[in-house]
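Letter by letter, the chains look like this.
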Amino acid sequence: MTMPHHVLEILLTRPLAPAELRDAARVLPLAANHDTTRLMTLVRAKSPGRAAHRLRQRLATRLPVDVITTHYPDVGGQVLLNLAFPPAVHATIRQAAHETGQSPELFVKLALHRTLAQHASDETDRLDRAVQQLLAHTTPAYLLAAVGHALTRTPGAAPA
C-alpha cells in the first residue's frame, strides 16, 4: 500500500533569509512565495494530521513556523490547522477545556468556529450598512450595474 502525499502550506512569522530557505529545502522540497513568508510542500503520511506533525518535527528548529495548514479542504470542506502554542497558552487552553468538559482540540475548534461565525456576521452587517448608505443616493438598478461592472473589470486595468 502506498502512502499518500499531502500538500501543506507553512505560514512563517517573518520572511526567510536566502540561507534559511536553502537549509530548509535540504530537508524537504519547498516552494516559497515572493517574500518568503509562506511556503508549500508535499509530505508523505497516512493522514493530513500526521503530515503536519511530521513537517513541524522536521522544520520547527530550522524555520520560524507559525501555522501549518492543509492546502486543499477535505471531503467535508475543512482545512486542518496545526498550531504550536507556547506552554503557558497551552496550559490555559487545557484548563478552559477541562472546565467545559471538552478536549483541548475540541475546545479550540469550537472557539475558532464561534469566532469565524461572529466575523462573518459582523462582515454581513457592515456590508448591509454600506449598501443601505449607497442606496440612499442611487437606485437599486444603478447600484447593481455598478457592482456588476466592478466585478467584471480586469484587475489592474485602467477604469473605463
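See the structure above.
Cut-offs and rules
- Residues numbered from 1 in each chain as written.
- Predicted model: local features only at pLDDT ≥ 70, side-chain atom pairs only at ≥ 80, totals over all residues.
- Heavy atoms only, no water.
- Helix = DSSP H or I, 4+ residues; strand = E, 2+ residues; numbered from the N terminus.
- Rg over C-alpha atoms; globule rule 2.2 N^0.38 Å.
- Buried < 20%, exposed > 50% of the residue type's maximum accessible area, 1.4 Å probe, protein only.
- Contact = heavy atoms within 4.5 Å.
- Areas by Shrake-Rupley, 256 points an atom, 1.4 Å probe, with all protein chains shown as cover.
- Salt bridge = Lys/Arg side-chain N within 4 Å of Asp/Glu carboxyl O.
- Core = buried A, V, L, I, M, F, W, Y, C linked by side-chain atoms within 4.5 Å.
- Polar contact = N/O pair within 3.5 Å; in protein donor to acceptor, adjacent residues only side chain to side chain.

A.B. asks: Which residues make up the overall build of the protein chain, and what values do they have?
C.D. replies: Secondary structure assignment for the protein chain yields five helices and five strands. The N-to-C order of helical and strand elements in the protein chain reads β-α-β-β-α-β-β-α-α-α. Since a compact globule built from 160 residues should have a radius of gyration of about 15 Å, the 22 Å found for the protein chain marks it as more spread out than a globular shape. Relative to its 160 residues, the protein chain shows a buried fraction of 20%. In the protein chain, the proportion of contacts linking residues at least 24 apart, taken out of those at least 6 apart, comes to 57%. Of the roughly 11,500 Å² of accessible surface on the protein chain, 61% is carried by carbon and sulfur atoms.

A.B. asks: Any chance you could break down the pattern of salt bridges for me, citing the residues and the numbers?
C.D. replies: Tallying each qualifying case throughout the model produces five salt bridges. Salt-bridge contacts for Arg-14 lead to Glu-20; the nearest nitrogen and oxygen are separated by 2.6 Å. By relative accessible area, Arg-14 is classed as partly exposed at 36%. Close ionic contact of Asp-23 with Arg-62 constitutes a salt bridge, the shortest N to O distance being 3.6 Å.

A.B. asks: Could you give me a rundown of the nonpolar core, with the residues and numbers involved?
C.D. replies: Ranked by internal contacts, the top residues of the largest apolar core, which has 17 residues, are Ile-10, Leu-12, Leu-39, Leu-55, Leu-59 and Leu-63. Within the residue set of this core, elements represented by two or more residues are β1 (5-12), β3 (38-44), α2 (48-59) and β4 (65-70). The leading source of residues in this core is α2, at four residues. Setting aside chain neighbours within four positions, we find Leu-63 in contact with Leu-12, Leu-16, Glu-20, Ala-24 and Leu-39.

A.B. asks: So, the environment of Glu-105: which residues are in play, and what are the values?
C.D. replies: With respect to the helices and strands, the residue Glu-105 is situated in helix α4 (residues 104-135). Counting along the chain gives eleven residues from Glu-105 to Arg-94, while the straight-line C-alpha distance between them is 9.0 Å.

A.B. asks: How would you summarise the side chain of Thr-70 if you had to cite specific residues and measurements?
C.D. replies: For Thr-70, the location among the structural elements is in strand β4. A distance of 2.9 Å separates a polar atom in the side chain of Thr-70 from the backbone nitrogen of Leu-80. When sequence neighbours within four positions are dropped, the list of residues in contact with Thr-70 reads Val-7, Leu-8, Pro-48, Val-79 and Leu-80.

Scope: geometric values only; no functional claims are made or implied.
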